[in-house]
Amino acid sequence: MRNIKKKLKFTDWLQQSLWFIKLRPWVWFGYSGLVGMVLVLGKISLALGVFAAVASLFVGVGVAKYIDMKASSDTPVGFAWAVNKSLPLAVLAAGSIVVCWFVFMLVASLLSGEYYKIPQFFFHWEFTPENLNRETTRDVVGWMYSYANVTLIFTLLMLTSFVGWFSHPLMLFKNTRWSEAKEQSDYAVSRNQGAMYKMLGFVFLEAVLCSTLTPLLTPVLYMLVSTLMYVSYKSIFEAEADVEV
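Residues numbered from 1 in each chain as written. Predicted model: local features only at pLDDT ≥ 70, side-chain atom pairs only at ≥ 80, totals over all residues. Heavy atoms only, no water.

The subject of this paragraph is the overall build of the protein. Helix and strand counts for the protein stand at 12 helices and zero strands. Overall, the protein shows an N-to-C arrangement of helices and strands of α-α-α-α-α-α-α-α-α-α-α-α. In terms of overall size, the protein behaves like a compact globule, its C-alpha atoms giving a radius of gyration of 19 Å where 245 residues would be expected to give roughly 18 Å. Expressed along its principal axes, the backbone C-alpha trace of the protein runs to roughly 60 × 40 × 30 Å. The burial tally for the protein puts 48% of its 245 residues in the buried class. Here the analysis covers contacts within the protein between residues at least 6 apart in sequence; of these, 75% occur between residues at least 24 apart. Total accessible area on the protein is roughly 12000 Å²; 65% of this is exposed by carbon and sulfur atoms. Treating the 20 positive side-chain charges of the protein as one cloud and the 16 negative ones as another, the clouds have centres 5 Å apart. (Helix = DSSP H or I, 4+ residues; strand = E, 2+ residues; numbered from the N terminus. Rg over C-alpha atoms; globule rule 2.2 N^0.38 Å. Buried < 20%, exposed > 50% of the residue type's maximum accessible area, 1.4 Å probe, protein only. Contact = heavy atoms within 4.5 Å. Areas by Shrake-Rupley, 256 points an atom, 1.4 Å probe, with all protein chains shown as cover. Lys, Arg positive; Asp, Glu negative; His and termini not counted. Charge placed at Lys NZ, Arg CZ, Asp CG, Glu CD.)

The following block contains the structure:
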């Protein structure tokens, strides 16, 4: 098992993640815009919206890797490489989150007697005049993205509780088996608990702010979290890969 030379800081991860915007701003913000369009699906089908949101989050990790590769070398890979490499694992993760969400919703609906909510999980058209006729654009966007911020928090809680924060990039970039990836992830998190807690606290706070004050920044937050996932992984498992116990 690898050791960590020094305990890392969340401020370093955040600074490096923001630096990625400067490296390839058109890629970074372009993907954020694409995420923004995808998140609208949640108002047609919550299941489809959750699936698309989670998949977008994990594909974003591959996009961050692509930005890093393009900035550090003359690699011939294109943007399609990032999507094709990330999509299979992202689809698997998104499907798992949708199943977990459905189980929780199913139990809650059965216990409350609100059986009509079960089919609505798969299809519920919400683009009605009543929902769209709001006072400001911020109110409309806040309504469209309301579920997306909850999805982000739910996904991060599932990652940190059961899957492992670094498991996804380890499986994606190093082809590590999930059991081994989770073991390595748990060890890395235990060595950097302070940085991890600050990062998660920051993300949760931003998700709350995006739910209330700055809903237009929700897609940007998704891409920022994807970049944080990649940067924190790289700082431990790539930059210090040769450090031994």
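Read on for the rest.
Glancing now at the packing of aromatic side chains. Evaluated as defined, the whole model comprises 16 aromatic pairs. Here the aromatic rings of Phe-121 and Phe-122 are separated by 5.2 Å at their centres, their planes lie at 85 degrees, and the arrangement is edge-to-face. Assessed through its relative accessible area of 2%, Phe-121 is described here as buried. Consider the rings of Tyr-233 and Phe-237, whose centres lie 5.9 Å apart with planes at 20 degrees: the pair is stacked. Here Tyr-233 and its partner Phe-237 are both found in helix H12 (residues 218-237), four residues apart, which amounts to about one turn of the helix. Residue classification places Phe-237 among the buried positions, given a relative accessible area of 1%. Taken together, the ring pairs connect Phe-20, Phe-166, Phe-173, Tyr-230, Tyr-233 and Phe-237 into an aromatic cluster. (Phe/Tyr/Trp six-rings, centres within 6.5 Å; stacked < 30°, edge-to-face > 60°.)

Relative orientation and spacing of two packed helices are given, respectively, by the angle between their axes and the distance between those axes. Taken N-terminus to C-terminus, the directions of helix H8 (residues 146-163) and H12 make an angle of 15 degrees; their axes are 10 Å apart at the nearest point. Our classification of the angle between H8 and H12 gives roughly parallel. Of the two possible hands of crossing, H8 and H12 adopt the one that is left-handed. Here Ala-148, Asn-149, Thr-151, Leu-152, Leu-156 and Leu-159 of H8 lie close against H12, whose contacting residues are Thr-218, Leu-221, Tyr-222, Val-225 and Met-229. Here the contact of H8 with H12 is built from residues that sort into eight nonpolar, three polar and no charged. (Axes fitted to C-alpha atoms, helices over the stretch in contact; angles between N-to-C directions. Parallel < 35°, antiparallel > 145°, perpendicular 65-115°, else oblique. Left-handed = near helix turned anticlockwise from the far one by under 90°. Nonpolar A, V, L, I, M, F, W, Y, C, P; charged D, E, K, R; others polar.)

Between its first and last C-alpha atoms helix H1 (residues 10-23) spans 20 Å; for 14 residues at 1.5 Å apiece the expected length is 20 Å, and the two agree. Buried within H1 are the following residues: Phe-10, Trp-13, Leu-14, Ser-17, Phe-20 and Ile-21. In a view along the axis of H1, the buried residues occupy a sector of 105 degrees, so they form one face of it. Along H1, the residues that are exposed and aim more than 90 degrees away from the buried face are Thr-11, Gln-15 and Lys-22. On its buried side, H1 packs onto helix H2 (25-38), helix H3 (46-72), helix H11 (193-212) and H12. (Expected span 1.5 Å × (residues − 1). Arc of directions from axis to C-beta.)

Examined against the element boundaries, Gln-193 turns out to sit in helix H11. For the pair Gln-193 and Tyr-222, spaced 29 residues apart in the sequence, the C-alpha separation amounts to 22 Å.

Grouped together as the largest cluster of nonpolar side chains are 75 residues, with contacts concentrated most on Trp-13, Trp-165 and Phe-166. The leading source of residues in this core is H3, at 14 residues. (Core = buried A, V, L, I, M, F, W, Y, C linked by side-chain atoms within 4.5 Å.)

Attention now moves to the side chain of Thr-155. In this structure, Thr-155 sits in helix H8. Residue class for Thr-155 comes out buried when judged on its relative accessible area of 2%. Once residues within four sequence positions are removed from consideration, Thr-155 is found in contact with Val-54, Leu-57, Phe-58 and Ile-97.

What follows covers the environment of Ala-55. By the secondary structure assignment, Ala-55 is in helix H3. Here the alpha-carbon distance between Ala-55 and Leu-87, two residues 32 residues apart in the chain, equals 7.3 Å. Contact partners of Ala-55, with chain neighbours within four places excluded, come to Ala-90 and Ala-94.

Take the pattern of salt bridges next. In the structure shown here, the tally under the stated rule is five salt bridges. Here Lys-43 makes a salt bridge to Glu-126, at a shortest N to O gap of 4.0 Å. Taken together, the residues span a long stretch of sequence, with Lys-43 in the loop between H2 and H3 and Glu-126 in the loop between helix H5 (117-120) and helix H6 (129-132) at a distance of 83 residues. Using a relative accessible area of 6% as the deciding quantity, one classes Lys-43 as buried. A salt bridge links Lys-182 to Asp-186, with the shortest nitrogen-to-oxygen separation between them at 2.9 Å. Residue Lys-182 and its partner Asp-186 are both found in helix H10 (residues 178-191); the two are separated by four residues, about one turn of the helix. By relative accessible area, which is 21% here, Lys-182 ends up partly exposed. (Salt bridge = Lys/Arg side-chain N within 4 Å of Asp/Glu carboxyl O.)

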